[in-house]
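Tertiary structure, described
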Amino acid sequence: MMREAILNFPNQFEYNPQIQPAPLAKNYKSFVLSAIGGSLLAARLVKAVKPEVDLTLHGDYGLPQLPANKSKQSLFLIVSYSGNTEEPLDTFKQALQNNYDCLAISTGGTLLELAQEYSVPYIKIPNTGIQPRMALGFNFKAILKAMGGQNILRQSSLLAISLNLIKNREMGKKLAKKLINYIPVIYSSTRNQAVAYNWKIKFNETGKIPAFCNVLPEMNHNEMTGFDAIASTKKLSRQFKFIFLKDDEDNPRIMARMEILERIYSEHKLPVEIVLMKGNSRLVKIFSCIMLADWTAFYLAKSYDVESEAVPMVEKFKKLIKL
């Protein structure tokens, strides 16, 4: 199933989201998006490609701490792939109690039932049986539709024919072999932080392994000192392999920092793998890189003989938290 989900990923960008039962009555200039887990992954990517938009991401219970006038003027986007995720549902209920404008995005479940009951506009995304983390295209386009991002929405439709499945699959297979018996640490620019975080989550959920991420320049001021391997810490540092996500559109000073960091790590015999973010647009770069993460995590799961799709620990935790 996971293999099919990756193979079918480009097709998600053919999806044409619609606001039901009718388009929004007014245009909003600020948005609050409540989501968690796989749905929040897509929201992070929207924020990365539309940094100029006033978008507050909220991955918790209740309402974010915002000035009252901003909350009243914003559109609250409540996103839950299943429609049953308790954190965004809690935010939705409190937003309704405060008479805030809301729009729900889901495949169904309680969220859409409540939206229909309280006459809240909603977008119903396709339910193809995949895990939430694999529905990035559906969620990405639905969020853009709700925010009125028509230009990027049109551009994203081209991803259905421009993402290279075969090339990314072969690259992912090769990279997975290099990562066996290592804990991946993914580094990117702050601009591409959402992409690096997607890599981390795919390693966690699909590969069932620990993984971490950070951004430059911040980590140059702290984290890298944790890998200053000397005799007494060498054994700890040797467990990690570092993946640098390089983008030629990043700030030249960030690119220079990556070059220097790669050299320093190599001098300390800390293994580094370079992933070049390639594509003729920002969208192609982002989603091609994420597809590479999917294939890499998938082949790592095969190498470790673990099931790549299900997340049993998450499901167990959900059951226990309801007791």
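See the structure printed just above.
What comes next is a walk through the structure.

Before going further, it helps to examine the packing of aromatic side chains. Here the structure, examined in full by the defined rule, presents 18 aromatic pairs. Judged by centre distance (5.6 Å) and plane angle (90 degrees), the rings of tyrosine 15 and phenylalanine 138 are edge-to-face. Taken as a pair, tyrosine 15 in the loop between α1 (2-7) and β1 (30-34) and phenylalanine 138 in helix α6 (residues 136-147) lie far apart in primary sequence, 123 residues in all. As far as burial versus exposure is concerned, tyrosine 15 and phenylalanine 138 are alike and both buried. With centroids separated by 6.0 Å and ring planes inclined at 25 degrees, the aromatic side chains of tryptophan 295 and tyrosine 299 adopt a geometry described as stacked.

What follows is about the side chain of glutamine 12. Here glutamine 12 shows up in the loop between α1 and β1. With a relative accessible area of 3%, glutamine 12 lands in the buried category. A polar side-chain atom of glutamine 12 sits 2.7 Å from the main-chain carbonyl oxygen of methionine 134. The contacts of glutamine 12, once residues within four sequence positions are left out, are Ile130, Met134, Ala135, Leu136, Gly137, Phe138 and Lys141.

Bringing the packing of helix α9 (residues 165-179) against helix α13 (residues 282-304) into the picture now. When two helices pack together, their arrangement is given by the angle between their axes and by how far apart the axes lie. Contact geometry for α9 and α13: axes closest at 7 Å, N-to-C directions at 50 degrees. Considering their axes alone, α9 and α13 lie oblique with respect to each other. As for how α9 packs across α13, the hand of that crossing is right-handed. In this structure, α9 uses Leu165, Asn168, Arg169, Met171, Gly172, Lys173, Leu175, Ala176 and Leu179 to contact α13, whose residues at the interface are Ser288, Met291, Leu292, Trp295, Thr296, Tyr299, Leu300 and Tyr304. Here the residues of the contact of α9 with α13 sort into eleven nonpolar, four polar and two charged.

Nonpolar side chains in soluble globular proteins generally cluster together in the buried interior. Core analysis: the biggest nonpolar cluster contains 75 residues, and Phe140, Ile143, Trp199, Phe203, Leu245 and Phe287 have the highest contact counts within it. A total of 14 residues in this core trace back to one element, the largest contributor, which is α13. Here isoleucine 143 is in contact with Leu33, Ala42, Ala43, Val46, Leu77, Val79 and Ile105, once residues within four sequence places are set aside.

Let us look at the sheet that holds strand β3 (residues 75-79). Spatially, the five strands line up as an open sheet ordered β2-β1-β3-β4-β5, and their pairing is parallel. In the strand order of this sheet, the two ends are held by β2 (54-58) and β5 (122-124), each with one partner. On average, adjacent strands in this sheet sit at an angle of 15 degrees to one another, irrespective of strand direction. Here four bridges tie β1 to β3, and the two strands are oriented parallel to one another. Bridge assignment links phenylalanine 31 to a residue of β3, and that residue is leucine 75. Against the sheet, helix α5 (residues 109-117) contacts β3, β4 (101-106) and β5, and its axis sits at roughly 145 degrees relative to β4. Contacting β1, β2, β3, β4 and β5, α6 runs over the sheet at an angle of about 165 degrees to β3.

A separate point is the environment of histidine 221. Assignment of secondary structure puts histidine 221 in the loop between β7 (212-216) and α11 (234-237). Here histidine 221 falls in the exposed class, since its relative accessible area comes to 60%. Put simply, histidine 221 and tyrosine 187 are 34 residues apart on the chain and 14 Å apart in space, counted from C-alpha to C-alpha.

Counted at 1.5 Å a residue, the expected span for helix α12 (residues 252-267) with its 16 residues is 22 Å, and the 23 Å between its end C-alpha atoms agrees. Buried within α12 are the following residues: Ile254, Met258, Leu261 and Tyr265. Down the axis of α12, the buried set is contained in an arc of 70 degrees. They therefore lie on one face. Those residues of α12 that are exposed and angled more than 90 degrees off the buried face are Pro252, Arg253 and Glu267. Following α12 by one or two positions, lysine 269 adopts a phi angle in the positive range, close to 60 degrees.

In this section: the environment of serine 288. Along the chain, serine 288 turns up in helix α13. Linking serine 288 and leucine 159, residues 129 residues apart in sequence, is a C-alpha distance of 9.2 Å. When sequence neighbours within four positions are dropped, the list of residues in contact with serine 288 reads Leu163, Asn168 and Lys278.

Relative to each other, helix α2 (residues 38-49) and helix α10 (residues 193-205) sit at 160 degrees, their axes nearing to 9 Å. The orientation of α2 relative to α10 falls into the category roughly antiparallel. In terms of crossing hand, the pair formed by α2 and α10 is left-handed. Packed against α2, whose contacting residues are Leu41, Arg44, Leu45 and Ala48, the element α10 presents Ala194, Val195, Tyr197, Asn198 and Ile201 at the interface. Of the residues contributing to the contact of α2 with α10, the split by class is seven nonpolar, one polar and one charged.

About the thresholds
- Residues numbered from 1 in each chain as written.
- Predicted model: local features only at pLDDT ≥ 70, side-chain atom pairs only at ≥ 80, totals over all residues.
- Heavy atoms only, no water.
- Phe/Tyr/Trp six-rings, centres within 6.5 Å; stacked < 30°, edge-to-face > 60°.
- Helix = DSSP H or I, 4+ residues; strand = E, 2+ residues; numbered from the N terminus.
- Buried < 20%, exposed > 50% of the residue type's maximum accessible area, 1.4 Å probe, protein only.
- Polar contact = N/O pair within 3.5 Å; in protein donor to acceptor, adjacent residues only side chain to side chain.
- Contact = heavy atoms within 4.5 Å.
- Axes fitted to C-alpha atoms, helices over the stretch in contact; angles between N-to-C directions.
- Parallel < 35°, antiparallel > 145°, perpendicular 65-115°, else oblique.
- Left-handed = near helix turned anticlockwise from the far one by under 90°.
- Nonpolar A, V, L, I, M, F, W, Y, C, P; charged D, E, K, R; others polar.
- Core = buried A, V, L, I, M, F, W, Y, C linked by side-chain atoms within 4.5 Å.
- Pairing = 2+ DSSP bridges.
- Expected span 1.5 Å × (residues − 1).
- Arc of directions from axis to C-beta.

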